[in-house]
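A closer look at the structure
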Amino acid sequence: MAPSKKTKSKGNSVESTQSPAKYPACIRPIPPSSVAISIHAKPGSKLAAITDMSDEALGVQIDAPPKDGEANAALIDFISSVIGVKRRQVSLGSGSKSRDKVVIIEEVTLQTVFDALNRALLNQ
């Protein structure tokens, strides 16, 4: 009979690959110094605001119509002003024609993004 194989425990590798539990899953780091945010956009609102933050997505109302990329440009402007970064640091990763988008913010930490979004959500 063949000897049984010894396997390494997977507990250590799971802990090191997951982000800290204090951040929602919609905000995740992209090495080396970027952050991705999953956003559920609601274009055509009267004013731009963050409506909710869950593990699935960050809810954002946009005060621009959803045509000719106006809502995407308004979303990038709004996110850059909320987080306090330059507009060129914020880009649309995916979802240019969808309400579900991924926005990438460059040269910023996960903690900075989370704090800014949380502050904006609480100040409404």
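From a predicted model like this one, the values you see are computed outputs, not experimental measurements. Every chain begins its residue count from 1, and numbering advances along the sequence as written. It should be noted that, the model being predicted, local features are given only for residues of pLDDT at least 70 and side-chain atom pairs only at 80 or more, the latter also being counted only at that level, while totals for whole chains, interfaces and linings use all residues. Side-chain measures were taken over the full set of non-hydrogen atoms in the model, leaving aside hydrogen atoms and water.

Looking now at the overall build of the chain. Counting from the N terminus, the helices are DSSP H or I runs at least four residues long and the strands are E runs at least two residues long. For the chain, the helix and strand inventory stands at three helices and six strands. The order of α-helices and β-strands along the chain, N terminus first, is α-β-β-β-β-α-β-β-α. Evaluated residue by residue, the chain yields a buried proportion of 36% over its 124 residues. If you take every contact in the chain between residues at least 6 apart in sequence, the share linking residues at least 24 apart comes to 49%. Reported accessibility uses the Shrake-Rupley method at a 1.4 Å probe radius. Residues are deemed covered only where the shown protein chains occlude them. Carbon and sulfur atoms form 52% of the exposed surface of the chain, whose accessible area is close to 8000 Å². Burial classes: relative accessible area under 20% of the type maximum marks a residue as buried, over 50% as exposed, and values in between as partly exposed (1.4 Å probe, protein chains only). Throughout, a contact is declared for two residues whenever any of their heavy atoms are within 4.5 Å.

Take the pattern of salt bridges next. Pairing is possible between side chains that carry opposite charge, provided their charged atoms lie close to one another. We define a salt bridge as a side-chain nitrogen of Lys or Arg found within 4 Å of a carboxyl oxygen belonging to Asp or Glu. What the rule picks out here adds up to one salt bridge. We note a salt bridge from Asp77 to Arg87, for which the minimum N-O separation is 2.4 Å. Of this pair, Asp77 sits in helix 2 (residues 70–83) while Arg87 is found in the loop between helix 2 and strand 5 (90–94), placing the two residues 10 residues apart along the sequence. Judged by its relative accessible area of 36%, Asp77 falls in the partly exposed class. Among the residues examined, Arg87 registers a relative accessible area of 42% and is labelled partly exposed.

The next point concerns the packing of aromatic side chains. To pair, rings of Phe, Tyr and Trp, with the six-membered ring standing in for Trp, must have centres within 6.5 Å; the planes then decide the type, stacked if under 30 degrees apart, edge-to-face if over 60, and tilted in the middle. Scanning the entire structure with this criterion turns up one aromatic pair. On the numbers, 5.4 Å between centres and 75° between planes, the contact of Tyr23 with Phe114 is edge-to-face. Remark: Phe114 occurs in helix 3 (residues 110–122) and Tyr23 occurs in the loop between helix 1 (11–17) and strand 1 (27–30); sequence separation between them is 91 residues. Across this residue pair, the class does not change: Tyr23 and Phe114 are buried.

The next thing to look at is the nonpolar core. Put simply, buried Ala, Val, Leu, Ile, Met, Phe, Trp, Tyr and Cys residues joined by side-chain atoms within 4.5 Å make one nonpolar core. If you look at the biggest cluster of nonpolar residues, it comprises 31 residues, and the most contacted ones within it are Ile37, Ile79, Ile83, Ile105, Val113 and Leu117. In terms of residue count, the dominant contributor to this core is helix 2 (eight residues). Residues contacting Ile79, with those up to four places away along its chain left out, are Ile39, Val90, Val103 and Ile105.

In this section: the pairing of strand 6 (residues 100–106). Only strands joined by at least two bridges in the DSSP assignment are considered to pair. Looking at chain direction, strand 2 (residues 34–43) and strand 6 are connected through seven bridges and run antiparallel. Counterpart to His40 in the pairing with strand 6 is Asp100. Where strand 5 meets strand 6, four bridges bridge the pair, whose relative direction is antiparallel. By the bridge assignment, Ser94 is partnered in strand 6 with Val102. The loop that links strand 5 with its antiparallel partner strand 6 comprises five residues; one of these, Gly95, has a positive phi angle of about 90°.

Attention shifts here to helix 2. The span one expects for a helix is its residue count, reduced by one, times 1.5 Å. Under the 1.5 Å per step criterion, the end-to-end length of helix 2 is 20 Å for 14 residues, consistent within 8% with the ideal 20 Å. Most of helix 2 sits inside the fold, with 10 of its 14 residues counted as buried. Looking at the packing, one finds that the buried side of helix 2 touches strand 2, strand 3 (49–53), strand 4 (58–62), strand 5, strand 6 and helix 3. With its phi angle positive at about 85°, Gly84 sits one or two positions after the end of helix 2.

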